[in-house]
Amino acid sequence: MSRVRKKKEKVDLESAKAAYADFERATSNAVTISQRNLGMVHTGRQRRALSVFTKLIMHNMSISVLADRFFDNPSGSALLDHYSLAVLARASIDASLMTMYISEPSLSTKQWDLRRQLLFLHDDSNRKRFLKPLKAYGVQASDPANDGVRLGIQTRIRELGAALLYSEPKIAEFQNGMFLFLDGVRGAVREAGWSVDDFDFNQSYLSAYVHTHPVSFMRFDEQLRVGGISPFQADFCHYLFSMLQEYTQSVVDRMDVFSVPDKGDPNGHIE
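Residues numbered from 1 in each chain as written. Predicted model: local features only at pLDDT ≥ 70, side-chain atom pairs only at ≥ 80, totals over all residues. Heavy atoms only, no water.

**Focus on the overall build of the protein**
Helix and strand content of the protein: ten helices and zero strands. The C-alpha extent of the protein, read off along each of the three principal axes, is 80 × 45 × 35 Å. Across the 271 residues in the protein, those meeting the buried criterion constitute 45%. Long-range contacts, defined here as pairs at least 24 residues apart, represent 77% of the contacts in the protein between residues at least 6 apart. Of the roughly 14,800 Å² of accessible surface on the protein, 55% is carried by carbon and sulfur atoms. Distance from the positive charge centre (33 side chains) to the negative charge centre (32 side chains) of the protein: 3 Å. (Helix = DSSP H or I, 4+ residues; strand = E, 2+ residues; numbered from the N terminus. Buried < 20%, exposed > 50% of the residue type's maximum accessible area, 1.4 Å probe, protein only. Contact = heavy atoms within 4.5 Å. Areas by Shrake-Rupley, 256 points an atom, 1.4 Å probe, with all protein chains shown as cover. Lys, Arg positive; Asp, Glu negative; His and termini not counted. Charge placed at Lys NZ, Arg CZ, Asp CG, Glu CD.)

Structure below.
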């Protein structure tokens with residue numbers, strides 16, 4: 001008989017559970033703010049921020065459903081679906097950043113209006129892109145803004161861009177419909193007060209799970225356990241829940257103030 005014994009794998013399930021409890025508290029705080037705003041009258045910017053905030057909460061609640069199924073009986077036959085947790089976590093981060101971007105309190109009326117117009121144009125451009133193939137099959141789909149409306153948005157972007165002293169080349173870029181964040185995603189991250197390096201890591205790493213790139217499956221045998229949890233999964237959950245707790249609570253702190261009717265939005269009502 002061989003005297004070589006396989007080293008027992010160390011699974012830090014308690015740290016994962018503790019991080020999960022913190023994540024749950026942050027999500028509960030978000031729900032409290034969302035419920036507080038039901039039936040209240042808000043500005044257009046507050047409504048948009050609250051809608052994305054709701055999207056963030058729903059992503060987090062879906063994460064909880066998957067996690068609870070395993071953590072309620074970690075030694076049973078339930079499979080810890082860390083793949084779907086990663087995909088939902090990436091969506092949660094995206095919703096967190098967009099909520100912060102929309103609700104940035106330092107914006108002047110013109111600065112917010114320019115962001116708003118870029119969102120309108122991005123929406124129109126993307127709808128045209130994914131609805132166009134449907135027409136080839138005779139599918140009747142609701143058309144996005146007509147050319148006149150699109151031209152009106154682009155004209156408004158030019159006016160606001162000039163008033164805010166953007167260069168002509170930059171204004172032309174704004175008008176192409178591809179800009180989501182005014183100063184790029186990293187600019188939005190900096191404005192939110194988040195670490196750009198951390199955000200870049202989180203986004204690029206979790207993107208592998210969203211798109212099923214090799215990082216997400218090349219170590220399948222080492223990472224997945226059916227009935228139980230692997231050391232990788234325990235560490236992955238600890239990372240995931242800790243990271244999501246920080247982003248979620250950051251948004252909660254912002255929305256606690258920004259969502260207050262009549263005074264949370266410093267620019268008042270703009271549709």
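So that's the structure; there's more coming.
**Brief notes about the pattern of salt bridges**
Inspection of the entire model under this criterion finds 13 salt bridges. Salt-bridge contacts for arginine 25 lead to aspartate 22; the nearest nitrogen and oxygen are separated by 2.2 Å. A residue pair is termed a helical-turn pair when its members lie 3 or 4 positions apart in one helix, as arginine 25 and aspartate 22 do in helix H1 (residues 13-36) at three residues. Ionic contacts of the salt-bridge type, sharing partners, join the residues Asp113, Arg116, Arg156 and Glu159 into one network. (Salt bridge = Lys/Arg side-chain N within 4 Å of Asp/Glu carboxyl O.)

**With respect to the packing of H1 against helix H10 (residues 231-258)**
One can describe the packing of H1 onto H10 by two numbers: an axis separation of 8 Å at closest approach and a directional angle of 25 degrees. As far as their axial angle goes, H10 and H1 are roughly parallel. Here H1 runs over H10; the crossing is left-handed. (Axes fitted to C-alpha atoms, helices over the stretch in contact; angles between N-to-C directions. Parallel < 35°, antiparallel > 145°, perpendicular 65-115°, else oblique. Left-handed = near helix turned anticlockwise from the far one by under 90°.)

**As for the packing of aromatic side chains**
The full count for this structure, using the stated rule, is 21 aromatic pairs. With a centroid separation of 6.4 Å and 85 degrees between ring planes, the pair formed by phenylalanine 199 and tyrosine 247 is classed as edge-to-face. Of this pair, phenylalanine 199 sits in helix H8 (residues 196-210) while tyrosine 247 sits in helix H10, placing them 48 residues apart in sequence. Here phenylalanine 199 falls in the buried class, since its relative accessible area comes to 3%. One aromatic cluster in this structure is built from Tyr83, Phe201, Tyr205, Tyr209, Phe232, Phe236 and Tyr239. (Phe/Tyr/Trp six-rings, centres within 6.5 Å; stacked < 30°, edge-to-face > 60°.)

**Some words on the confidence of the model for the protein**
For the protein, mean pLDDT is 90; residues scoring 70 or higher make up 93% of the total. Here residues 1-7 scores under 50 on pLDDT; set against residues more than four positions off or in separate chains, the count is zero contacts. (pLDDT = per-residue confidence, 0-100.)

**Brief notes about unusual backbone geometry**
A positive phi angle, near 65 degrees, is found at leucine 165, a position not held by glycine. Topologically, leucine 165 is positioned in the loop between helix H5 (147-163) and helix H6 (168-174). Among the residues examined, leucine 165 registers a relative accessible area of 74% and is labelled exposed. Unusually for a residue other than glycine, threonine 212 sits at a positive phi of about 55 degrees. Mapped onto the elements of the fold, threonine 212 is located in the loop between H8 and helix H9 (220-223). Residue threonine 212 is classed as exposed on the basis of its relative accessible area, which comes to 52%.

**Description of the side chain of histidine 122**
Relative to the helices and strands, histidine 122 is located in helix H4 (residues 109-135). Once residues within four sequence positions are removed from consideration, histidine 122 is found in contact with Gly177, Met178, Phe179 and Leu180.

**A look at the nonpolar core**
Of all hydrophobic cores here, the largest spans 65 residues; its most connected members are Phe53, Trp194, Leu206 and Phe241. Of all the secondary structure elements, the ones that give two or more residues to this core are H1, helix H2 (44-71), helix H3 (82-103), H4, H5, helix H7 (184-192), H8 and H10. When sequence neighbours within four positions are dropped, the list of residues in contact with phenylalanine 241 reads Ala16, Ala19, Tyr20, Phe23, Ile63, Ala67 and Phe71. (Core = buried A, V, L, I, M, F, W, Y, C linked by side-chain atoms within 4.5 Å.)

**What about the packing of H2 against H3?**
The contact between H2 and H3 brings their axes to 9 Å, and the two run at 160 degrees. It follows from the interaxial angle that H2 and H3 lie roughly antiparallel. Once H2 is placed against H3, the crossing between them reads as left-handed. Residues Arg45, Arg48, Ala49, Val52, Phe53, Leu56, His59, Asn60, Ser62, Ile63, Leu66 and Ala67 of H2 pack against Ser84, Leu85, Leu88, Ala89, Ala91, Ser92, Ala95, Ser96, Met98, Thr99, Ile102 and Ser103 of H3. Counted by class, the contact of H2 with H3 contains 14 nonpolar, eight polar and two charged residues. (Nonpolar A, V, L, I, M, F, W, Y, C, P; charged D, E, K, R; others polar.)

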